[in-house]
Amino acid sequence: MKLVVVESPAKAKTINKYLGKDYKVLASYGHIRDLPSKNGSVDTDNDFEMVWEADAKSAKRISEIAAALKDADTLILATDPDREGEAISWHLIEALKKRRALKKDVAIERVVFNAITKNAVTQAMQQPRAIDAELVDAYLARRALDYLVGFNLSPVLWRKLPGSRSAGRVQSVALRLICERENEIESFRAQEYWNVTAELRAPDGSPFEARLTSLDGETLKKFTLGNKGDADRALEIVRTGGYSVTGVEAKPVKRNPPPPFITSTLQQEASRKLGFTAKRTMQAAQKLYEEGRITYMRTDGVNMAEEAYAAARSMIQSNYGARYLPENTRRYSSKAKNAQEAHEAIRPTDFNLPPEAYHGDGDLKKLYTLVWRRAVASQMEAAVFERTTIDLTSKDRRAGLRASGQVVVFDGFIRLYTEDRDDPVDGDDDDSGKRLPKLNEGQHTDLIKAVSSQHFTEPPPRFTEASLVKRLEELGIGRPSTYASTLATLEDRQYVRLDQKRLIPEDKGRLVTAFLENFFKRYVEYDFTAGLEEQLDVISDGKLDWKAFLRDFWKQFAADIEGTKDLRVSEVLDALNTALEKHVFPSQDADGNPVANPRLCPSCKEGELSIKVGKFGAFVGCSRHPDCKYTRQFSSEGGEGAAISPDGNEIGLHPEKGEMIYLKSGRFGPYVEMANGEKPKRASLAKADNPAELTLARAVELLSLPREIGPHPEDGEMILANFGRFGPYVQHGKTYANLKDPRDVFTIGVNHAVALIADKRAKAAAGGGRGGVAALKTLGEHPDGGAIEVFAGRYGPYVKWEKVNATLPKDMAPETVTLEQALELVNAKAGSGKKKAAPKKAAAKKPAAKKKAPAKAKTEAGGDA
């Protein structure tokens, strides 16, 4: 019997159909071992020896494979055809050797296939090879590098910048790109310019439009007409009229199709056309691959197999005709930096299965359609356009106009597919589909009207996931397989948020970037990161020893980490005040008026405003604290915070209470306040509320909270809805259930609220009790001792280690949280200086505590986190 091991059960199921009864196919369920999240997993003092561990689930898979091996004469490793796939095969062999489950007479074969089709699988089985040691070396180097960066740099962030989550080799550089773009947007100053256009009539009566391109013999540039006065003078000259044609140029323009998808371009187009995140795209692509519908989806190769070229051309000939089929096969070369091109492009495995014949649902159908159309279009004839340019001159020779048009002569590949763009390119003429009348040189035209239009330059656009992936690829940073996880990590860490498909850096992300740029600049430089990527590729080619590479990197990196030991938080804050000055202390108010001293405390008029850090993140406070208690949010969101008076802005009188309602700003953001006996009544604004547009009705609504929804049917106790520090929720007794939409606070009914509360209690009841409170589950032991458990709390689920509680992020489900994730959360919380963090206090008694602190750090898992 031959035992075949693949990564996923879906892949195993598909392959099992193609192999006979002499084969048994099992799944490893991805990686079976990883570096544990503790000090020494990569031993820098012992030539980078790496310690691997398998969790309980992986150990069970290894046992199943070992048991099946007893009846096998051949072990066939059929994991994915890339570095990660090679690593999984290597890990499996090492784990089986450790268990002494590999008999001497068992043959070990490595097979790879780029598509899960019967032909591809059976051919691969006939061409086995050994495990590629050089590819494994490249994996080991990459994994060790990411561990060393994340494991050593993240604790520095926790100590020097409380509230920060992690840093990573690719993650931090991607974050820097997003933050730099935001800086460009904030420092951008719009510049005014004017255009003049004329509507003309040709001799045959056809109207057409032309724009002013020259004035008094000088060619107009973008800012030549810089104000209304310039535009009015130009308009007066244009209205002289008497235009005759001085030049006509009509020329054909060919547009060739784009190549088939690679990983990055698939993510980009799925984002533009389908609105998919990179993670969602890769999940759908993985399923299509495992179904045998598309080729392997992690690739930077732009060409297809010869049989695929033949199949695509045959399909084009049959369905679109000979005119759409170019004479020769189209072959492409990659423009991406560091492209390996070891695998095929992403294409359908069967070109004769058009999208309408594929019966997959939802995302799979959408993505298959995209892949099929792009691959077929890549082999179609070029599209042909006719671009026409007509130049005209006024009778007094002072004004020159130009009309441009472009029409499709032959649609070619665009009949099937057109590539989208994230943002328009400056200077593009929107001439697509614009037809011009037939004109000859010397003919006269009539001026119907001329108008001027005002314009302003626009700031560079924020990155979309698609444009960020494109930029990372251009810089040679990261690999196609890491982009989705890198973007997901940035959002999971709450360093960035996605708003209308645009990536916006959160204050936490800008703080981390500013810190790294000031104290670890080398490791967020684009050229340095791309250089590391190139060296890793050289290792995979067998031209560089992976341990020599790590030794060279570690020597400088360890010295840089050591250099921060004596760095005081005050020094960090001084650097951040300077680096983020334009963002945190804007030199203009909300109305665009200059501010004489942006850092002067608006409350005491004496102190200086400065960035401060607390357990809930960064905020701005006065240097005269505690005498002056002025605080505000870290950023003022375009001046909104600064526009709120220290004494509060009057919103209006409460219609029932008759008390004045004020809008104020605090360290947690803007809030409304109203006198209410000895203790004023306060309510924070929701994230969707704009302080500048706050109405009296909305302020009254917020102050009405908590809202009474109705009595609970079981005990009659009132169910309440309100906003808390961690978002909107409903409450019954001591049970708190989160609401997804802030608007639900004011609209949710009794039935829905009862269902949410019941669901929350059911989850809390699972897994037994601890001190009267039910633990959802126990994750394992902390490296310093003590169990780490998951609980349900009033503000949502949290993990607990001894006396340290850390709330789970909203996108992290308590059912799926891992021990590694929990370790990071509790250590970040313990590192924020909480008095109740007993383990940290105990560690301070030991001389070696500083060295042991990183033991709590979380490894940057899986390539780059």
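Read on for an overview of the structure.

Parameters at a glance
- Residues numbered from 1 in each chain as written.
- Predicted model: local features only at pLDDT ≥ 70, side-chain atom pairs only at ≥ 80, totals over all residues.
- Heavy atoms only, no water.
- Helix = DSSP H or I, 4+ residues; strand = E, 2+ residues; numbered from the N terminus.
- Buried < 20%, exposed > 50% of the residue type's maximum accessible area, 1.4 Å probe, protein only.
- Contact = heavy atoms within 4.5 Å.
- Areas by Shrake-Rupley, 256 points an atom, 1.4 Å probe, with all protein chains shown as cover.
- Salt bridge = Lys/Arg side-chain N within 4 Å of Asp/Glu carboxyl O.
- Pairing = 2+ DSSP bridges.
- Axes fitted to C-alpha atoms, helices over the stretch in contact; angles between N-to-C directions.

**Thoughts on the overall build of the protein chain**
Line of reasoning, step 1. Counting its secondary structure elements, the protein chain contains 24 helices and 31 strands.
Line of reasoning, step 2. In the protein chain, which comprises 865 residues, the share counted as buried stands at 50%.
Line of reasoning, step 3. For the protein chain, the share of sequence-separated contacts (at least 6 apart) that also reach a separation of at least 24 residues comes to 67%.
Line of reasoning, step 4. Only carbon and sulfur atoms are counted for the fraction: they give 47% of the accessible area of the protein chain, which is about 41700 Å².

**Focus: the pattern of salt bridges**
Line of reasoning, step 1. Counting across every chain of the model gives 43 salt bridges.
Line of reasoning, step 2. Close ionic contact of K11 with D80 constitutes a salt bridge, the shortest N to O distance being 2.7 Å. In this pair, K11 sits in helix α1 (residues 9-18) while D80 sits in the loop between β5 (74-77) and α3 (83-98), placing the two residues 69 residues apart along the sequence. Here the two residues K11 and D80 agree in accessibility, since each one is buried.
Line of reasoning, step 3. Where D689 meets R698, a salt bridge forms, and the shortest distance between an N and an O atom there is 3.0 Å. Each member of the pair D689 and R698 is classed as buried.
Line of reasoning, step 4. A single network of salt bridges, built from pairs that share partners, joins R142, D146, R169 and E533.

**As for the sheet that holds strand β1 (residues 2-6)**
Line of reasoning, step 1. As summarised here, the arrangement of the four strands in space is β2-β1-β5-β6, forming an open sheet in which the pairing is parallel. Every other strand in the sheet has two partners, leaving β2 (23-27) and β6 (107-110) as the edge strands with one partner each. Within the sheet, the average angular offset between the axes of one strand and its neighbour, ignoring direction, is 20°.
Line of reasoning, step 2. With four bridges joining them, β1 and β5 adopt parallel strand pairing. Bridge pairing in β5 links K2 to T74.
Line of reasoning, step 3. Taken strand by strand, α1 contacts β1 and β2, and its axis lies near 165° from that of β2.

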